[in-house]
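Next come the chains, spelled out residue by residue.
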Amino acid sequence: MKILYYIIYPLWYSFSLLPLSVLYVVSDLLFHLLYHVLRYRRHIVRKNLVESFPEKSEKEIHHIERGFYHFFCDYLVESIKMMSITPEEMKRRMTFKGTEIINAVLKSGGSAALYLGHFCNWEWVSSLPLWFTKEAVCGQIYHPIENKDIDRLFLKQRGRMGAVSIPMESTLREILRYRSENQPVVIGYISDQAPHWRNIHHWCNFLNHDTPVLTGTERIIRKMKHEVFYLDMRRVKRGYYEGEIRLVTREPLHLAEYELTTKYFNLLEASIRRQPELYLWSHNRWKRTREEFNEKYEVVNGKVVPKGDEIERLHRIEAERRMKQALGG
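Parameters and conventions
Residues numbered from 1 in each chain as written. Predicted model: local features only at pLDDT ≥ 70, side-chain atom pairs only at ≥ 80, totals over all residues. Heavy atoms only, no water. Helix = DSSP H or I, 4+ residues; strand = E, 2+ residues; numbered from the N terminus. Rg over C-alpha atoms; globule rule 2.2 N^0.38 Å. Buried < 20%, exposed > 50% of the residue type's maximum accessible area, 1.4 Å probe, protein only. Contact = heavy atoms within 4.5 Å. Areas by Shrake-Rupley, 256 points an atom, 1.4 Å probe, with all protein chains shown as cover. Lys, Arg positive; Asp, Glu negative; His and termini not counted. Charge placed at Lys NZ, Arg CZ, Asp CG, Glu CD. 1 Å grid on protein atoms, 1.4 Å probe; cavity = no way out; pocket = protein on both sides within 12 Å on 5 of 7 lines; lining within 4 Å. Points joined across faces, edges and corners; volume = space filled by probe spheres on them. Nonpolar A, V, L, I, M, F, W, Y, C, P; charged D, E, K, R; others polar. Axes fitted to C-alpha atoms, helices over the stretch in contact; angles between N-to-C directions. Parallel < 35°, antiparallel > 145°, perpendicular 65-115°, else oblique. Left-handed = near helix turned anticlockwise from the far one by under 90°. Phe/Tyr/Trp six-rings, centres within 6.5 Å; stacked < 30°, edge-to-face > 60°. Polar contact = N/O pair within 3.5 Å; in protein donor to acceptor, adjacent residues only side chain to side chain.

K.L.:
Would you take a moment to explain the overall build of the protein for this structure?
P.N.:
A tally of regular secondary structure across the protein gives 12 helices and 11 strands. Taking 2.2 N^0.38 as the reference for a compact globule, 329 residues should give roughly 20 Å; the C-alpha atoms of the protein span a radius of gyration of 22 Å, in line with that estimate. Seen through its C-alpha atoms, the protein measures out along the principal axes to roughly 75 × 50 × 45 Å. The proportion of buried residues among the 329 residues of the protein is 49%. The long-range share in the protein, meaning contacts at least 24 apart out of those at least 6 apart in sequence, stands at 78%. Element-wise, carbon and sulfur atoms account for 54% of the exposed surface of the protein, whose accessible area totals about 16,900 Å². Averaging the locations of the 50 positively and 40 negatively charged side chains of the protein gives two centres separated by 3 Å.

Laid out in structure tokens, this is it:
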């Protein structure tokens, strides 16, 4: 029996029963703690903002920075509220436009991929199943949390409105399983994380940065031939969000390699520039540079490998393989 889960869950649930009006008072207090006292990641937030918006004045940057911390604290209490909020209340506070487009795809037996980012309250997007035909499975790709008890709590919260959480490493396998069962799916991908060095295959100009980007989402979409959409989020007012579903392409294979990924980042940047305080600026998004990548890594047979001894080893293995082939081994 996992004791931590049974200790945290009742506390989390009890706190979530408080009205949002009370939770927002907690959020305001938390803002002062994080921003003024602990100064939580303020150096990263300021650096990201200054580099992303070189055209903005110091006063404008400061305004966005404070707005981000206010929103981030709201996001935390809103996420806690998910543990007990009713589906009716969630549908009133998190609305979606354009769902009929995806519903038409689902009713015809097709499936859809939905790109979104760490923008607005991405946790509340797990309420999408309330808006889609009941025959569809709505899946969200996620990184499992190392602590199993905490991971279990988040899975319980994210699944309350019917969404299925799929671990990132199992994405393709699960989608293939649904296809073998003739099960239409809508899969949500938050694809604006920083990739590991060995997963860097493409760079985009994103928010005034030369940015390494994840391309695994595009590879899965192209393999499955899913119709592709982007969720354009906006905050209407405190505690109320709207997501507009916008078609990106019905034929992903008609696009050049990485064109779909570039389109996604262009759409996400447009959303961020409209309401910049609502992006996750505390994430060290640009910690990897192209210069460092070129210095330490290179691509061999389509794979990213470290330079130096590793490359020599790979070349030796390839030479030995060719020698065996030549000798008929």
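So that's the structure; there's more coming.
K.L.:
Just checking my understanding: could you explain empty space enclosed by the protein for this structure?
P.N.:
One pass over the full model with this rule turns up one cavity of 30 Å³ or more. Space inside the largest cavity adds up to approximately 40 Å³. For the largest cavity, the full set of lining residues is Leu 116, Gly 117, Phe 119, Tyr 230, Leu 231, Met 233 and Leu 268. Per element, the largest residue contribution to the lining of the largest cavity is three residues, and it comes from strand β8 (residues 227-237). When its residues are assigned to classes, the lining of the largest cavity shows six nonpolar, one polar and no charged.

K.L.:
Where do I start with the packing of helix α8 (residues 171-180) against helix α9 (residues 216-224) in this structure?
P.N.:
Working note: a packed helix pair is described by the angle between its axes plus the distance between those axes. Here α8 crosses α9 at 20°, and the two axes come no closer than 11 Å. Relative to α9, the element α8 is oriented roughly parallel. Once α8 is placed against α9, the crossing between them reads as right-handed. For the pair α8 and α9, contact is made by Thr 171, Leu 172, Ile 175, Leu 176 and Arg 179 and by Ile 220, Lys 223 and Met 224, respectively. When the residues that make up the contact of α8 with α9 are grouped by side-chain class, the tally is five nonpolar, one polar and two charged.

K.L.:
Explanation requested: the packing of aromatic side chains in the structure shown.
P.N.:
Any two aromatic rings considered together are summarised by their centre-to-centre distance and by the angle between their planes. A full pass over the atoms with the stated rule returns 26 aromatic pairs. Taken together, a centroid distance of 6.4 Å and an interplanar angle of 85° make the contact between Phe 206 and Tyr 279 edge-to-face. Remark: Tyr 279 occurs in the loop between α10 (259-274) and α11 (290-296) and Phe 206 occurs in strand β6 (residues 203-206); sequence separation between them is 73 residues. A single burial state applies to Phe 206 and to Tyr 279, both of which are buried. Arranged with centres 6.1 Å apart and planes meeting at 40°, the rings of Phe 206 and Trp 286 form a pair that is tilted. With Phe 206 in strand β6 and Trp 286 in the loop between α10 and α11, this pair connects stretches of sequence that are 80 residues apart. On the basis of relative accessibility, which here comes to 0%, the residue Phe 206 falls in the buried class.

K.L.:
Looking at this structure, I do not really get helix α7 (residues 148-158). What am I missing?
P.N.:
Quick reminder: α-helices carry 3.6 residues per turn. Residues three or four places apart thus point the same way. Of all the positions in α7, only Asp 149, Asp 151, Leu 153, Gln 157 and Arg 158 are classed as buried. Turning to α7, the residues buried within the fold contact α1 (3-16), α4 (58-81), β3 (137-142) and β4 (164-167). Its side-chain oxygen at 3.0 Å from the backbone nitrogen of Asp 149, Asn 147 defines the N-terminal cap of α7.

None of the figures reported here should be taken as evidence of function without further support.
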